Structure formats: C-alpha cells, structure tokens
Amino acid sequence: MYKVLYIAGDGRSGSTLLNIALGNHDQVLAMGELCNVHRFVLGQENWCSCGLPVSDCDFWQSVEQRLLCRNSTGTSGLQQRFESNRAALLWPWWHYRRQAESFEYRSRLREVLKAVADVSRASLIVDASKLPGRAMALSLMPDVEFYLVHLVRDARALVWSRSKSWKQNLSQGIEADVPARSTSLVCANWCKANLLTTWVRRRISKHRSIRLRYEDFATNPVDSLRRIGQLVQLDFTAVAERLQAGVPLEKGHTGSGNRMRMQEVKLEPDFGWTQNIPQRTEAITWALTGQIMRRYGYQRAVGVAG
Ligand SMILES: [Zn+2]
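Here goes a summary of the coordinates provided. (Residues numbered from 1 in each chain as written. Predicted model: local features only at pLDDT ≥ 70, side-chain atom pairs only at ≥ 80, totals over all residues.)

1. Structural notes on the overall build of the protein
The number of helices and strands found in the protein is 15 helices and 5 strands. The globule rule puts the C-alpha radius of gyration for 306 residues at 19 Å, and the 19 Å found for the protein is close to it. Residues counted as buried form 45% of the 306 residues belonging to the protein. Long-range pairs, those at least 24 residues apart, make up 77% of the contacts in the protein with a sequence separation of at least 6. (Helix = DSSP H or I, 4+ residues; strand = E, 2+ residues; numbered from the N terminus. Rg over C-alpha atoms; globule rule 2.2 N^0.38 Å. Buried ≥ 20, exposed ≤ 12 C-beta atoms within 10 Å, placed from the backbone. Contact = placed C-beta atoms within 7 Å.)

Structure below.
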C-alpha cells in the first residue's frame, strides 16, 4: 500500500514551496512533479533539487536502476490520455472504454511509486503533479491510500507571474522555454484547473482532502501544516516552526518542478504582484475569475484573502 499526498490545482500556486516544506518531515518523500519522471528526470539532463544533475544524484540513479528493466516506451502517450482533463471528467467511462491501456497506465504508475518508495524509508509520498486527471487515477487505485491538497492562489498573482517569459536553463531548474501568457489564457487555465480539482474532491471521501490557499500557507504556515498533518496523520510542528523562523529548508530530491527548487528555499511570502500588476490587468482578471475566487474566500480589494 502506498500512502500518497497529492497537491492539485493550477501551476505557480506555491506547490514547489509546499512540496519541499512537507519533505522536511523525516517520514515524507517529496517528489515534486512526479508525472514528469520519464519526461524530464530519468535518462534526461535535468537537475535535482539536491544541486546535482540527475545523472549524478544517488537517489535518482537508484530509482532508475529499479525501473531499468521496465519498458517506458509509450508512457508519455498513456499519461496524456489518462491524466488529461477529459479523463478526469469522464472517469470511470474513460477507463472502461480503454481497459487494456488503463491497466497498463496504472501498472506503470505503480512501478514508479514502488521504485521511489523502495529507495526511501518514507511512509508518505508527496506528488505535486497538480493534474486533476492524475489525481482521479491515483484516488481510484486500490493499493494507494490517497490524500489530496487543493492548493489555490489568487488568480491575479498567477497572471502577474505568467506575464514574464523564461528561457530554458536546466542547471537553474527551468526545464523548457516558458513563454509569457496572456491574461485571458491564464484566467481560463486557472478556472479549469481549480474547477476540475473541485470536481475530483467531490468524488473522494471528504476526510481525504482539504483546500488550502497559498496566501494562508505563506502567512500562517503553522495552521496550514497542522491541517495537512491532521489529514495525513503526521505531526508537522517542527517543520512549521522552521518555516516561520525563516530557516532555509532541506530540499531533498525533487527532480522536476518550479525553478525555485534549485535556489535556497525558505518562507518568503510573495505578494509583490499587489504593487506591480497594472490596474487594467487586475480588473480584467477579477472580471474573469472573481466569481470563483469569491468561493475560495478572496475579495476584490487587492491582496486581501478574507
Ligand atoms: Zn538529488
């Protein structure tokens, strides 16, 4: 049985920080975006959060050895099919229609979980892949004890963050070119990711998931980690104290995720967007997302999460 805590929601919502923070508990293995293990990590030139190229990192080399005899051809196609938004919406019909492929997809997912669990002594694996389809698939695997954190962040912060572009730089943790995105596209993706995650939450036991706002985690990590601790039956008090004191965190072996994993990681609440976002952009973003934002407790007054 694999105990998995899945972080779901939109990108740039603070999942890298939350993932690394949780990994500072000695019973937790924080894997970042585990969905990218074949695409960006194993056999690739990516860098691990421990500061080494994956090819020099003992953890990932041990994982790779355990998966060497497996055939990973076609894995990305299977993932695209079964971790898509459509798969999340149409479960279980989606898997029923493609039973053989579904079996193969889940068996490959299980192999990766087994490999990372075998290498570590952790009792809980954190997967910060965020994709709702993957959450749905994991939640229905009989040998996975599944928990979910729906991490949500003010859409205006995401619009500001995604208005900048980045060039691929593997040693700095940027896995591919990141183009600047338009406000409307960011808002559409934000709505889609959060509504689909809400859909998945409704389909699992209410005792197995919580919703967490990035703003609450960043300003009150003690309370946020207490809630997560109650969810997964672990005590994160020591980690929360470390975060609150601004002490840099141990970064573990996150092989894929935000570039932040390659820097010194400590709790530095990022509300810079409230000062910098153009007024018109803020107004458009609120017009497109405000109805859903209110449901999550956000208010129009910039920077206030009520
Ligand atoms: Zn490493």
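2. Here's the deal with the sheet that holds strand E5 (residues 209–213)
Overall, parallel pairing links the 5 strands, which are arranged E2-E3-E1-E4-E5 in an open sheet. Bordering the open sheet on either side are strand E2 (28–30) and E5, each of which pairs with just one other strand. Each strand of the sheet is rotated relative to its neighbour by a mean of 25°, with strand direction disregarded. With 7 bridges connecting them, strand E1 (residues 2–8) and strand E4 (residues 144–152) associate as parallel partners. Bridging across to E4, Val4 finds its partner in Phe146. (Pairing = 2+ DSSP bridges. Axes fitted to C-alpha atoms, helices over the stretch in contact; angles between N-to-C directions.)

3. What to know about the packing of helix H8 (residues 132–139) against helix H10 (residues 183–202)
Helix packing geometry: the angle between the two helix axes and the distance between the axes. Here H8 crosses H10 at 10°, and the two axes come no closer than 9 Å. It follows that H8 is roughly parallel to H10 by the angle criterion. Contact residues: H8 offers Pro132, Ala135, Met136 and Ser139, while H10 offers Leu196, Thr197 and Val200. Each residue belonging to the contact of H8 with H10 can be placed in one class, and the counts come to 5 nonpolar, 2 polar and no charged. (Parallel < 35°, antiparallel > 145°, perpendicular 65-115°, else oblique. Nonpolar A, V, L, I, M, F, W, Y, C, P; charged D, E, K, R; others polar.)

4. Some remarks on the environment of Val222
Locating Val222 in the fold gives a position in helix H12 (residues 221–232). A sequence separation of 21 residues divides Val222 from Leu243, and the C-alpha atoms of the two residues are 8.4 Å apart. Contact partners of Val222, with chain neighbours within four places excluded, come to Ala240 and Gln244.

5. Focus on unusual backbone geometry
As a rule of thumb, non-glycine residues mostly have phi less than zero, and peptide bonds are mostly trans rather than cis. The backbone of Lys130 sits at a positive phi, close to 75°, despite the residue not being glycine. For Lys130, the position within the fold is in strand E3 (residues 124–130). A count of 22 C-beta atoms within 10 Å places Lys130 in the buried class. Although it is not a glycine, Gln233 adopts a positive phi angle of roughly 60°. Turning to its location among the elements, Gln233 is positioned in the loop between H12 and helix H13 (237–244).

6. Observations concerning the pairing of E4
Among the 9 residues of E4, 8 are classified as buried, and the element is accordingly described as predominantly covered. As paired strands, E4 and E5 are joined by 5 bridges and run parallel to one another. The partner of Leu151 across the bridge, within E5, is Leu212.

7. A few points about the environment of Arg203
Locating Arg203 in the fold gives a position in the loop between H10 and E5. Of the residues examined, Arg203 has 14 C-beta atoms within 10 Å and is grouped as partly exposed. Each C-alpha atom, one on Arg203 and one on Ser84, is 17 Å from the other, the two residues being 119 residues apart in sequence.

8. Some words on the packing of H12 against H13
Closest axis-to-axis distance for the H12/H13 pair is 9 Å, and the angle between their directions is 155°. By the angle between their directions, the pair H12 and H13 is classed as roughly antiparallel. The crossing of H12 and H13 is right-handed. Where H12 abuts H13, its residues Pro221, Val222 and Leu225 lie against Val239, Ala240, Leu243 and Gln244. Split by residue class, the contact of H12 with H13 holds 6 nonpolar, 1 polar and no charged. (Left-handed = near helix turned anticlockwise from the far one by under 90°.)

9. Brief notes about the environment of Trp199
Here Trp199 shows up in helix H10. Leaving out residues up to four positions away in the same chain, Trp199 has contacts with Ala88 and Leu89.

10. Some thoughts on the nonpolar core
Grouped together as the largest cluster of nonpolar side chains are 81 residues, with contacts concentrated most on Tyr6, Val116, Ile125 and Val126. Excluding residues within four positions of it along the chain, Val116 makes contact with Leu29, Met31, Val63 and Ile125. (Core = buried A, V, L, I, M, F, W, Y, C linked by C-beta atoms within 7 Å.)

11. Here's the deal with the pairing of E3
A large share of E3 lies buried, amounting to 7 of its 7 residues. Burial along E3 is two-sided: the face carrying Leu124, Val126, Ala128 and Lys130 and the face carrying Ile125, Asp127 and Ser129 are both buried. Relative to E3, E1 runs parallel, the two sharing 4 bridges. Among the inter-strand pairings, Tyr6 is bridged to a residue of E3, identified as Asp127. As defined by bridge partners, E2 adjoins E3 across 3 bridges and the pair is classed as parallel. By the bridge assignment, Leu29 is partnered in E3 with Ile125.

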